[in-house]
Every structure is written in C-alpha cells, then in structure tokens.
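The chain contents come next:
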Amino acid sequence: MTGPRRPKAPAAFIATYMDYSPGYGMLVTNHGYEPELWCNIPINPPLLSSLKGRDWTILSHAYHAPASVRGNESLGNTYRLNINRFPLPDPNGLLVDPLDRRMIVCGSMFGGIMFQDLSDIDRDVIRFAADNDLFRDFPGFVAAMPTQTWGTLSCLSPPVCDSGNVIWSLFSNAFEAGGPHPRAQLKYITEESRRAIYSSAPENVASLKNWETIMLPVDNFPAWSCKVAAARHHGNENLIVVCMNNYDDNIIILDHKGTPGDISDDEYRIFSAIRDSAGQLSEFARINNIVEDPVTGLMLLSTIEKTLVFNPRSELADGYMPGGTLRLDGGKAGDIIPDACHVNKIVFDTAGRMWIGTNNQGVVGVSADRKSVVARYRASDSPLPSDCVYGLGWNPDSGSLMVSTKLGLAEVFPDVSAEAVSGSGSPSLSMTHVTPGYNGSVEIRNLSSGKDIVIRDNRGRTVRHLRNGSARCVVWNLKDESGERVPGGVYDISVSDAESLTLVVMSGYSRSIEK
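Here is what the cut-offs are and how they apply
- Residues numbered from 1 in each chain as written.
- Predicted model: local features only at pLDDT ≥ 70, side-chain atom pairs only at ≥ 80, totals over all residues.
- Heavy atoms only, no water.
- Helix = DSSP H or I, 4+ residues; strand = E, 2+ residues; numbered from the N terminus.
- Buried < 20%, exposed > 50% of the residue type's maximum accessible area, 1.4 Å probe, protein only.
- Contact = heavy atoms within 4.5 Å.
- Areas by Shrake-Rupley, 256 points an atom, 1.4 Å probe, with all protein chains shown as cover.
- Lys, Arg positive; Asp, Glu negative; His and termini not counted.
- Salt bridge = Lys/Arg side-chain N within 4 Å of Asp/Glu carboxyl O.
- Polar contact = N/O pair within 3.5 Å; in protein donor to acceptor, adjacent residues only side chain to side chain.
- pLDDT = per-residue confidence, 0-100.
- Pairing = 2+ DSSP bridges.
- Phe/Tyr/Trp six-rings, centres within 6.5 Å; stacked < 30°, edge-to-face > 60°.
- Lys NZ or Arg CZ within 6 Å of the ring centre and 35° of its normal.
- Core = buried A, V, L, I, M, F, W, Y, C linked by side-chain atoms within 4.5 Å.
- Arc of directions from axis to C-beta.
- Axes fitted to C-alpha atoms, helices over the stretch in contact; angles between N-to-C directions.

Undergrad: Is there a simple way to think about the overall build of the protein chain in this case?
TA: Within the protein chain one finds three helices and 39 strands. Burial statistics for the protein chain: of 515 residues in total, 57% are counted as buried. At a minimum sequence separation of 6, the contacts of the protein chain that also span at least 24 residues come to 54%. Only carbon and sulfur atoms are counted for the fraction: they give 49% of the accessible area of the protein chain, which is about 20400 Å².

See below:
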C-alpha cells in the first residue's frame, strides 16, 4: 500500500456553500462563520470535495500538500504544524470562477481570500491576506490586507460574481475600527486581473494588479458573517447589495454604473428596514442568505425571523425599501413556508425553479412561475437525514439537488420533466459579450418548453442547434456542431418564434481550453 486508504466520500459533511464546475461536478466545502453555526466553528482548513457521476474526489490541501511544500523542509514544517489553517482557516463561501471553471474562489473568517486550481492539486493556491500572515513565505501569497493584531484576522465574505465577470467580496476590518481603515471595504477583482494571475507562476503574482477597493460610505464595520450579492438579472446589472449583518444594521445598494474603478458616478441607497404594503416594517435580524431570483430579478433576503423580498431598483420611501415577505405569486403570507420559519439557503435550478432550505421544515421547491409549491422534502419521507438544512446546490449533470443538513449530506433527484414549466419574461442571455480570455459557457434563459434554438454566424451559417426540452435554461458551450470552439464574431441566436438575440464573441477569447 503506497498511501492512506480513504472512503469514497466527501471530506466535509456540513456545507453551507456549494457550486458546480462542468469538469469536476458538484463541489462542496466545510462551513465558515454562519449565524446558525456560530458555536460549531473550530479552526479548520478548506475541506473541498467534488462529486462527478457517483465518485467523490477530495481536493483539499489538508490531504495533499502542494509540490512546493513537499520539496521545502521549512515550508513543510510550517505546513505540518499548522495544517488546520492551511491554506486558509475557516473557509467562507465557494465560487467557481466563470472566467475559468477550473478555478474556485473562497473567502475566510481568519485568512483572507484564495484561488485554487482544481485541475492541479500540486499547484500552489493564490492567496491574498494580511502581511503578517502565518503562510506569508509560501509561493502564491500576496500581502493585500492590513496588518492585524489578533492572530492574522482578515475576514472576507463569500465571493460572488456579477454579469460582467467581476468578483466581489466584503472585507471586515473590525480590529482597526479606530485606525486608518475604519470603514467597510468592498473588494473586487476584474477578469483582466484574474487572467493575468492564472497565467503567471505563483511567485510572480505579488507584482500583478489584483484586488481593488471601494470604501463604502458608512462608519460601521461589517460583521464576520457579512454577505454580498451581485445582481445579474437584466435591468439589475451594476447593482451590488451589501449586508453588514450586525444586528439591525443597514443594507447598502451600490450602483457603480458599470465602472467600478470610477467612484465619481456611484450611487447608493441605504436602508434599515423593508416596509410592506400595510406599512409594517421588517428589520434585518441576522441575515442567513441573500440571493437574486434569476427569473424575477427580485432580491430574497433570509433572516433568522423571516424571508423578505424586494426589488433592488425600487426607490426608497421615507428611508425604507418597499417589499414584503416570501410568498407565491398572487398568494398570501405563509403559503410556501410559515413566516416564522427561517431559511438558511435558496438556490435555483436550470429550469428556473426555486429550492428553499429551511431550518426545521426540510426543503421546499417552488415552480418557475412562482405560482405553486412543486415539492416538499422532509426527513420522514425523503433521503434527508434531518429537516435542518444548511446548504443547497444544483447539479445540472445529474439533475439533482445536493442538500447539506445538520446530520450530513443527501442527494435528491426531483422529477424535473414532470413539471410543465411556464414562466414570465422574454428569452435572454447570461452575457451579451464574450471577452478575450473567457473560457466558460453562455446561458440562454427564460425559455418555455420545447424550444428550438438555432445559432448562426454573421454570414447566416448555422453553427449550432440546441433544444431545451422542459428546462427554462439551456447552456451553449461556444462550440459548433463538430465540437470546435467558435471564432470571434457576431452570432444570432434564434429561439423558435421569439425575437432573435445577439451575442458578440470578441476576437482573442480562449478557444483552446476544454472545460
């Protein structure tokens, strides 16, 4: 036997964040600092695992040190003595970078933010943290946060990506509240910067442009469980929603007008409560989750008291945001879940359906038109080990829902084809321009059942034909019928009887990397 024997199972069994990568399947990692798990957070390294088909693969550096560490006695000693913190302690979030879906990003409670290459476990992670960090001498480390005095605390919120492929995270600078950086710092990194970082040797990354900062116009610092949502729905582009997550704190909506680097035209709306049509106010008592509904463009805000809904484009009235509580379209309060039942996670599948993970009611599925409940899964009548659900993730490969509960993970296979999916909204694209260096796919959204999608180049030649079946969304991998990535140009995407959509593929985008 050449090495340790491990079961075909994930390294972590409580996962508040999950994401999907076409090449690696469903990715899960251990939880960070979440409101429901505050008393269950020993310092742990990222325990990243992937499920592809029926096979689990552990992708954690806690089980496999990078080659640079194995080949250096000093680094190796630091690694072994501090393996519970390597490469960062207590991961916060998990995001597959749409620019290159082999790369994942996660923040942390104590150790900054990192990028990891899923395709090469021997490769060093790229990590941005405080200049006095424990692993500052490791390849790929970049001193990008202020020196901290309590350990090396550099808390960054779960990263999110907007429709322009900019990644955002909120930096909590609690221990310098009276120092030179007292305000909330919104961090972002462009796709141009990430392309340069991904193509560089780890030891050269420190000299490259990386995270940039927007100082938010508030004096308070974010809580360690702070959240950020980057709006992607048509009409919501350029909106970043920031939840500081101190008790009864404000929510901040930044409209950067598509120019994050130019703060001169930035607009803010800051509010402390949501007011419903009856005039009742709902404040934000510890936010578990904030997410944009990709079908309606509404923001869903889950607190420990109730789940609130608001339009991020709405103007404030008397300093409050108009909105209400989560309910079916045309329905009444409590028709999905009781108002008092708090929600830990909400995700959406490729058919546009909403899946809600609750703290004591299991999982609830809502139709793409938001008019009916299509599924309820409880421990008593499904594979769920517990009705307390911490995390959810949709796997388009298998059409399954990964569910993380208080007692472990379970995979549920909803009958997608059984639901006649009909929704509102015209067909749209997840992006209108494919920029140089982009290695991902393009989603064609808001489709009704049984649509033919024909993709033609600027000479009118058909390059690809797709069908969506019953799904509300279909993915084009930017390949033609022969499996070759298409060249730069303007592409017409015709959806049956709907109006054509236009996609501009800019010359110089990556055509060589297989996903």
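There is more to say, and it comes next.
Undergrad: Where do I start with the side chain of E292 in this structure?
TA: With respect to the helices, strands and loops of the structure, E292 is situated in strand β21 (residues 287–292). As a buried residue without a salt bridge, E292 has its nearest oppositely charged side chain in R232, at a separation of 6.1 Å. At 3.1 Å, the side chain of E292 and the backbone nitrogen of H233 are in polar contact.

Undergrad: Which parts of the structure should I look at to understand the side chain of N30?
TA: Looking at the element boundaries, N30 is found in the loop between β2 (25–28) and β3 (49–52). Polar contacts involving the side chain of N30 include one to the main-chain amide nitrogen of L47, which spans 2.6 Å. Once residues within four sequence positions are removed from consideration, N30 is found in contact with A12, I14, N44, P45, P46, L47 and P91.

Undergrad: Honestly, the confidence of the model for the protein chain in this entry has me stumped. Any pointers?
TA: Keep in mind that low pLDDT regions are not for reading the predicted coordinates in detail. For the protein chain, per-residue confidence averages 86 on the pLDDT scale, and residues scoring 70 or more make up 88% of the total. Summarising per-element confidence for the protein chain, the mean pLDDT is lowest in strand β33 (residues 433–434) (76) and highest in strand β7 (residues 113–117) (97). Low pLDDT (under 50) marks residues 417–424, which in the prediction has 17 contacts with non-local residues, meaning those over four places away or in another chain. Below a pLDDT of 50 lies the segment residues 511–515, which in the model reaches eleven contacts outside its immediate sequence neighbourhood of four places, other chains included.

Undergrad: What's the story with unusual backbone geometry in this structure? I'm lost.
TA: Most peptide bonds take the trans configuration, and most residues that are not glycine carry a negative phi. With an omega of -5°, the peptide bond running from F86 to P87 counts as cis. For P87, the location among the structural elements is in the loop between α2 (73–81) and β5 (91–96). The backbone of K257 sits at a positive phi, close to 65°, despite the residue not being glycine. Mapped onto the elements, K257 comes out in the loop between β17 (251–255) and β18 (267–271). A relative accessible area of 35% places K257 in the partly exposed class. Here L478, not a glycine, exhibits a phi torsion of approximately 65°, which is positive. Within the secondary structure, L478 sits in the loop between β37 (474–476) and β38 (489–495).

Undergrad: Is there a simple way to think about the pairing of strand β36 (residues 462–467) in this case?
TA: Within a regular strand, side chains alternate between the sheet's two faces. Summarising the sheet, strand β35 (residues 452–456) and β36 pair through five bridges and their orientation is antiparallel. Directly across from I455, in β36, lies its bridge partner R464. Taking the residues between adjacent antiparallel strands as the criterion, β35 and β36 are bridged by five residues, where G460 takes a positive phi near 85°.

Undergrad: What should I look at first to understand the packing of aromatic side chains in this one?
TA: The way to describe two aromatic rings as a pair is by their centre distance and the angle between their planes. The final tally for this structure, using the stated rule, is 13 aromatic pairs. Ring centres of F135 and F138 lie 5.2 Å apart, and the angle between their planes is 85°; on these two criteria the pair is classed as edge-to-face. F138 shares its class with F135; the two are buried. Here K345 stacks its cationic end above the ring of Y17, 3.6 Å away from the centre of that ring.

Undergrad: Got a minute to help me understand the nonpolar core in this structure?
TA: One broad rule of soluble globular proteins: the nonpolar side chains tend to lie buried together. Core analysis: the biggest nonpolar cluster contains 20 residues, and I444, I453, I455, W476, I493 and L503 have the highest contact counts within it. Listing elements by their share of this core, those giving two or more residues are β34 (442–445), β35, β36, β37, β38 and β39 (501–505).

Undergrad: Help me understand the environment of A379, please; the structure alone is not making it clear to me.
TA: Its place among the elements puts A379 in the loop between β28 (373–377) and β29 (389–395). Judged by its relative accessible area of 31%, A379 falls in the partly exposed class. For the pair A379 and G362, spaced 17 residues apart in the sequence, the C-alpha separation amounts to 7.1 Å. Ignoring any residue separated from it by four or fewer positions in sequence, one finds A379 in contact with L384, P385, S386 and D387.

Undergrad: I'm lost on the environment of A333 in this one. Help?
TA: Mapping A333 onto the fold places it in the loop between β24 (321–325) and β25 (343–348). Each residue touching A333, except ones within four places of it in the same chain, is listed here: T325, R327 and D339.

Undergrad: Looking at this structure, how should I read α2?
TA: Along an α-helix, residues three or four apart share an orientation, since each turn contains 3.6 residues. For α2, every residue scored as buried is listed here: L75, G76 and Y79. Summarising the axial view, the buried residues of α2 lie within an arc of 100°, below the 170-degree limit, and thus occupy one face. The exposed residues of α2 that point more than 90 degrees off its buried face are E73 and L81. The inward-facing, buried residues of α2 contact α1 (67–70).

Undergrad: Hey, could you run me through the pattern of salt bridges in this one?
TA: Pairs can form between side chains of opposite charge once their charged atoms are near each other. In this structure the tally under the stated criterion is 19 salt bridges. Where D255 meets K257, a salt bridge forms, and the shortest distance between an N and an O atom there is 3.5 Å. In this structure, the salt-bridge partner of R370 is D293, at a minimum N-O distance of 2.9 Å. Note that R370 is positioned in the loop between β27 (363–366) and β28 and D293 in the loop between β21 and β22 (299–303), a separation of 77 residues in sequence. Accessibility expressed as a relative area gives 2% for D293, which makes it buried. Residues joined in a network through salt bridges with shared partners are D255, K257, E267 and R313.

Undergrad: Is there a simple way to explain the environment of V505 in this structure?
TA: Tracing the chain through its elements places V505 in strand β39. With 72 residues separating them in the primary sequence, V505 and H433 have C-alpha atoms 5.9 Å apart. Aside from chain neighbours lying at most four places away, what touches V505 is V434, P487, G488, G489 and Y491.

Undergrad: What should I look at first to understand the sheet that holds β3 in this one?
TA: In any sheet, the strands associate via hydrogen bonds between backbone groups, in a parallel or an antiparallel arrangement. Ordered by their spatial adjacency, four strands build an open sheet running β1-β2-β3-β4, and the pairing between neighbours is antiparallel. Here the strands that pair on one side only, and so sit at the sheet edges, are β1 (18–21) and β4 (55–58). With strand direction ignored, the average angle separating the axes of adjacent strands in the sheet is 25°. Direction of pairing for β2 relative to β3: antiparallel, over a ladder of three bridges. In the sheet register, V28 faces β3, and the bridge partner there is S49.

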